[in-house]
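# What the coordinates show
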Amino acid sequence: MSHLGLPHLLLALPGQPRSASTQPAYHRLALGSLLGMALSFATPLTVHAQSTSTEKDGLPRLESSECVTEALKAMEAKCYTFHGEENWDAPNGNSVQLPVAVIAPESGEPESVPVVFFPGGPGYSSLGERDYLEQLRKDIGNRTLITLDHRGFIHAEPSLECPEYAKVSPYHNVFHTPAITASLNPMQRLEHIVPAVGECYRKLVEEGIDVSQYNSYAISRDVDELRRLLEYETIDGFGSSTGSGTLASYVQYYPDSTRAAIFGWPWFNHLRNRPPVDEFYTAKQTFTDALALCVAQDEACRTLIPDWLKAIDRARRVLDERPYIAQVGEGESEKTLYFDGAAFLDTLYLSLASDYALLPSLVADIQAGDYSRLPDFFRVEDYNPNPEAPNYALGYFLAHVCNDMGSNRPTPQDSRTAVQREPAVLGFEPPWLCAWWGEDGAVPDEHNDPPHGDTPALAIHGQMDPCCGTRWSQHLQRTLPDLQYVEFQAKGHSPVTECRSTLVNAFLDDPHAELDTSCRDEVALEPWVLEPPS
């Protein structure tokens, strides 16, 4: 939840090639959670590198360098370091250095237009994830892949590191974050996470970083300068989760540089930044949609949950009245975790892709007072007192989310009121936390406008992805009318299927042609678990 990579549980982390039908949604991140950016060359790479040598002492410039991960070396990538201004609009003496990898297709002469990958998370590096990179290469076929860590990522300089945030973040201390489980009072839970946001911001400022410059607007400039240095007239963009939001910004600011765009399981900036309660309730409808699917397919499901339209809210109410309480750890490290109705909804948001088949029995059990399934549902045995997020630059995670809001960043009063109105906001997506970020991002006034134009685009969604469903594409079609979208049955965030690779390849072959999406249901739904409460 970016998710997403985040990586999510049902949502594969942005840098991980996981099937969301079996993985929890925190891998967007998330849980896509999930990815790097790829650039491809049709002509000798050494020529491109030499063309930048005269700019060695200036910015921007591109220099040959050693690959930053073993995965890139194993894939025989050509690796570079991109040097750019931290502040493109008003250079401040600070620069950024980004690792870039150019990965050729496995065989044959590559197509002339490369595919640049926009990683998600935000802030999740997939440069070390060979399986994920191989999946991308399979998706794009006989084309060059360009992948990189964006500014602020773990292999970039500077890297915006705030490792302590992992302990409280719903994206990274998934299911058991204090924001969800620390107490039964949501305002007390809020105080567990809020200080970490301000502390991260102050740490980065003290390191001399102009934090406001780490946003999709600046990244779009980085990518276009990189495109120019590699001597490509246009690129095809492929985004993952929040990276699709960054790609949408690139299309917005550099439409003439974009031949085509693939929005993978997209988390668009201008939509995710809407009021959190509104967005949460919209995502929450996915839970009831799953129950509706069960009822429509199996009469036994209708018998088990005749109140299916109300079942989610009724299960939530039961847990609010009698929370599930678990003891974890031993001795001095023993801890009590509280799971109320908000925790139920937040966990389902993260795990729907792996739990949807169980959901009818789960809500029936809860309403009957049978909590026997809850230890597994809340992943109690997976509790980790010292969570880490090694592939994430968590300072960038916060900077990206908050800076991209621009003047739409909430105030503390806005966010406290949202949590009072709907406590489940605490475990939902992070924009509400930006009330405690130190400043607005340095983005244009129109940054949260949707991109307009005639760029052909393909959006990819998973049926069981509460975060980033087809509603996002339906909204974007209003201003990008040449956008097609597909929803893969039974899949969550970052859906991996043969159909995905087939459609991406076909789209890149002819971005303006109508796609045959009949393969979208090639993955069957899991059998519904329909067991009456004990």
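Remember, predicted model here, so these are calculated numbers, not experimental data. (Residues numbered from 1 in each chain as written. Predicted model: local features only at pLDDT ≥ 70, side-chain atom pairs only at ≥ 80, totals over all residues. Heavy atoms only, no water.)

## Brief notes about the state of the cysteines
Convention followed: Any pair of cysteine sulfurs within 2.5 Å is marked as a disulfide. Secondary structure counts use DSSP, requiring at least four H or I residues in a row for a helix and at least two E residues in a row for a strand, with both numbered from the N terminus. Residue burial is assigned from relative accessible area. The probe radius is 1.4 Å, only protein chains are included, and a residue is buried under 20% of its type maximum, exposed over 50%, and partly exposed in between.
Summed over the entire model, instances satisfying the criterion amount to six disulfides. Bridging Cys67 to Cys79, the disulfide has an S-S length of 1.9 Å. Taking the torsion about the S-S bond as the criterion, the Cys67 to Cys79 disulfide, at about 95°, is right-handed. Of this pair, Cys67 sits in the loop between strand S4 (61–64) and helix H2 (70–74) while Cys79 sits in strand S5 (residues 78–85), and the two are twelve residues apart along the sequence. The class for Cys67 is buried, based on a relative accessible area of 12%. Exposure remark for Cys79: the relative accessible area of 8% places this residue in the buried category. If the cysteines joined by disulfides in the protein chain are listed in sequence order, their pairing comes out as 1-2, 3-4, 5-6, 7-8, 9-10, 11-12.

## Here's the deal with the nonpolar core
Applied cut-off: Here, the term nonpolar core denotes a set of buried Ala, Val, Leu, Ile, Met, Phe, Trp, Tyr and Cys residues that are joined through side-chain atoms within 4.5 Å.
Within the largest apolar cluster, 129 residues are counted, with the highest numbers of intra-cluster contacts made by Tyr165, Phe263, Phe344 and Trp437. Grouped together as the second largest cluster of nonpolar side chains are 29 residues, Cys67, Ile103, Phe117 and Val486 included.

## Some thoughts on the confidence of the model for the protein chain
Formally: By definition, pLDDT measures how confident the predictor is in each residue, and it falls between 0 and 100. Any pair of residues with heavy atoms lying within 4.5 Å of one another is described as a contacting pair.
The share of residues in the protein chain with pLDDT of 70 or more is 89%, and the mean pLDDT across the chain is 90. The low-confidence segment residues 1–56 (pLDDT under 50) makes 363 contacts with residues lying over four places distant or belonging to another chain.

## Points about the packing of aromatic side chains
Threshold: When two rings of Phe, Tyr or Trp (its six-membered ring) have centres within 6.5 Å they constitute a pair, described as stacked for plane angles under 30 degrees, edge-to-face for angles over 60, and tilted for the intermediate range. In our convention, an over-ring charge means Lys NZ or Arg CZ found within 6 Å of a ring centre and within 35 degrees of that ring's normal.
In total, this model carries 25 aromatic pairs according to the counting rule given. Plain terms: the ring middles of Phe280 and Phe428 are 5.2 Å apart, the flat faces sit at 80° to each other, and that makes the pair edge-to-face. Placement of Phe280 in helix H9 (residues 276–297) and of Phe428 in the loop between helix H16 (412–421) and strand S13 (457–462) is noted, with a sequence separation of 148 residues between them. Classification of Phe428 as buried rests on a relative accessible area of 7%. Ring geometry for Tyr324 and Phe378: centres 6.1 Å apart, planes at 10°, overall stacked. Of the two residues, Tyr324 is situated in strand S11 (residues 324–328) and Phe378 in the loop between helix H14 (374–377) and helix H15 (394–403); the sequence distance between them amounts to 54 residues. Taken together through their ring pairs, the aromatic side chains of Tyr124, Tyr165, Tyr171, Trp267, Tyr392 and Phe397 make up a single cluster. In this structure, Arg151 is placed above the aromatic ring of Tyr214, and the distance from its NZ or CZ to the ring centre is 5.5 Å. It is Arg322 that lies over the ring of Tyr371; its NZ or CZ is 4.0 Å from the centre.

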